[in-house]
Amino acid sequence: MAEGPVGFVDSGIGGLPYLAFTRRMLPGERYVYAADRENFPYGEKTPKEITDAVTALTARLVEREHPRLVVVACNTASVVSLAELRARFPVPFVGVVPAVKPAASLSRRKSVGVLATQRTVEGEYLRDLIERHAGGCRVESFPAGDLVSFVEREMHRCGPEERAERVRREARGFRDAGLDTVVLACTHFLHLEVEFRAELGAGVEIVDSRGGVARQIARLLAEGRGGSGGQGGAGRPAGRDTLYVTGSLPVEDRYAFFAESFGLALGGIL
Ligand code: DGL
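Residues numbered from 1 in each chain as written. Predicted model: local features only at pLDDT ≥ 70, side-chain atom pairs only at ≥ 80, totals over all residues. Heavy atoms only, no water.

Visitor: Could you clarify how one ought to interpret the overall build of the protein in this entry?
Guide: A count of helices and strands for the protein gives eleven helices and ten strands. Rg of the C-alpha trace for the protein: 18 Å, near the compact-globule value of 18 Å for 270 residues, within the 12% margin. Across the 270 residues that make up the protein, the buried fraction comes to 57%. Counting only contacts in the protein whose residues sit at least 6 apart along the sequence, the fraction spanning at least 24 positions is 76%. Total accessible area on the protein is roughly 11300 Å²; 50% of this is exposed by carbon and sulfur atoms. Distance between charge centroids for the protein: 4 Å, based on 35 positive and 35 negative side chains. (Helix = DSSP H or I, 4+ residues; strand = E, 2+ residues; numbered from the N terminus. Rg over C-alpha atoms; globule rule 2.2 N^0.38 Å. Buried < 20%, exposed > 50% of the residue type's maximum accessible area, 1.4 Å probe, protein only. Contact = heavy atoms within 4.5 Å. Areas by Shrake-Rupley, 256 points an atom, 1.4 Å probe, with all protein chains shown as cover. Lys, Arg positive; Asp, Glu negative; His and termini not counted. Charge placed at Lys NZ, Arg CZ, Asp CG, Glu CD.)

Here is the structure:
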């Protein structure tokens, strides 16, 4: 595996909490992030449109930054397009898929909720995951495209009460359904993790894929560089961690806000 940064791709800013989690675990790496602002949101597109968009996005990131691996930090793109991406690019990929398996084993009353985009909820991949790993559970899926748009476009200018109120509306469905475990199966929702925890309370487990994804990245890097696992070894590749966006100028101020909040330089248009 060549030297180079660890790349993240998503339809927008959803994957940033995954980058932050991975960076805490593997601080010796350089990170680059591509937000497909031009094609946001993925969750309401057809599978072909999603695959075309994420393939073009990955191609640009690979050309610009030569990442040593790419994290598809988007459940929607991972469940729809991961196989195609792996076939197209000679770079290792790590996908982010709904954490149904850990949720099923954590759930005491065997009642699990999955909060995701329309595309993920309707897809075969999720059905198959549930069949294979949550056979003994009641699993209810909730499409929440509005919440994805809220996170991408509005959340940055909302106060704590507005954020809490937005989460409260989704959480009502979980409570009414009597679920004790909830999977945040769209990366955007991790930006509201604190609000979900406060709203659902200690009796409801909230599950995501950050730990599994970071461990998988560490494993791949360790295999590629003789066991350093990104903890030092060959040293951190030069350059700042960077957030790129697609689309045209001017770039909305919120991307500079998100870049700064996550300790990234805004790299402009990819
Ligand atoms: N962040 C993406 C996910 O994890 C999807 C958001 C979108 O609809 O674009 O599913």
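Visitor: Help me out: how do you make sense of the sheet that holds strand β4 (residues 93–95) in this one?
Guide: Consider a sheet: its strands pair through backbone hydrogen bonds, and that pairing is either parallel or antiparallel. Spatial ordering of the open sheet is given by β4-β3-β1-β2-β9-β10, a layout of six strands whose pairing is parallel. Unpaired on one side and paired on the other, β4 and β10 (265–269) mark the two borders of the sheet. Taken over all neighbouring pairs, the strand axes of this sheet differ in orientation by 20° on average, direction set aside. Judged from the four bridges that link them, strand β1 (residues 6–10) and strand β3 (residues 69–72) form a sheet pairing that is parallel. (Pairing = 2+ DSSP bridges. Axes fitted to C-alpha atoms, helices over the stretch in contact; angles between N-to-C directions.)

Visitor: For this particular structure, what's the right way to read the packing of helix α2 (residues 47–65) against helix α3 (residues 75–88)?
Guide: Packed helix pairs are specified by the crossing angle of their axes together with the interaxial distance, meaning the distance between the axes. Between α2 and α3, the shortest axis-to-axis distance is 9 Å and the interhelical angle comes to 55°. As summarised for this structure, α2 and α3 are arranged oblique, according to the angle between their axes. α2 and α3 meet at a crossing whose hand is right-handed. Residues Pro47, Ile50, Thr51, Val54, Thr55 and Thr58 of α2 form the contact with α3, whose participating residues are Thr76, Ala77, Val80, Ser81, Glu84, Leu85 and Arg88. (Parallel < 35°, antiparallel > 145°, perpendicular 65-115°, else oblique. Left-handed = near helix turned anticlockwise from the far one by under 90°.)

Visitor: Looking at this structure, I do not really get the pairing of strand β5 (residues 111–116). What am I missing?
Guide: Sheet faces and side chains relate simply in a regular strand, where the side chains alternate between the two faces. Of all six residues in β5, six are buried, a share of seventy percent or more. Pairing of β5 with strand β6 (residues 138–143) involves six bridges; the strand directions are parallel. Its bridge partner being in β6, Leu115 is matched across the sheet by Phe142. Bridge count between β5 and strand β7 (residues 181–184): four bridges; the pairing is parallel.

Visitor: For this particular structure, what's the right way to read unusual backbone geometry?
Guide: With the exception of glycine, most residues fall at negative phi, and the peptide bonds are largely trans. The residue after Phe40, namely Pro41, is reached through a cis peptide bond having omega -5°. On the secondary structure map, Pro41 appears in the loop between β2 (31–35) and α2. Cis geometry marks the peptide bond from Leu249 to Pro250, where omega comes out at 0°. If you trace the backbone, Pro250 turns up in the loop between β9 (242–245) and α11 (253–261). Even without being glycine, His66 reaches a positive phi, approximately 45°.

Visitor: Mind showing me how you'd approach the site of the ligand here?
Guide: With respect to spatial proximity, 14 residues lie near the ligand, and among them Ser11, Tyr42, Gly43, Thr76 and Thr187 are the closest. Contact distances for the ligand include 3.1 Å between a nitrogen atom and a side-chain N or O atom of Asp10. Within the backbone of Thr187, an N or O atom sits 2.8 Å from an oxygen atom of the ligand. Among the residues making up the shell around the ligand, the classes are represented as six nonpolar, seven polar and one charged. (Near = heavy atom within 4 Å. Polar contact = N/O pair within 3.5 Å; in protein donor to acceptor, adjacent residues only side chain to side chain. Nonpolar A, V, L, I, M, F, W, Y, C, P; charged D, E, K, R; others polar.)

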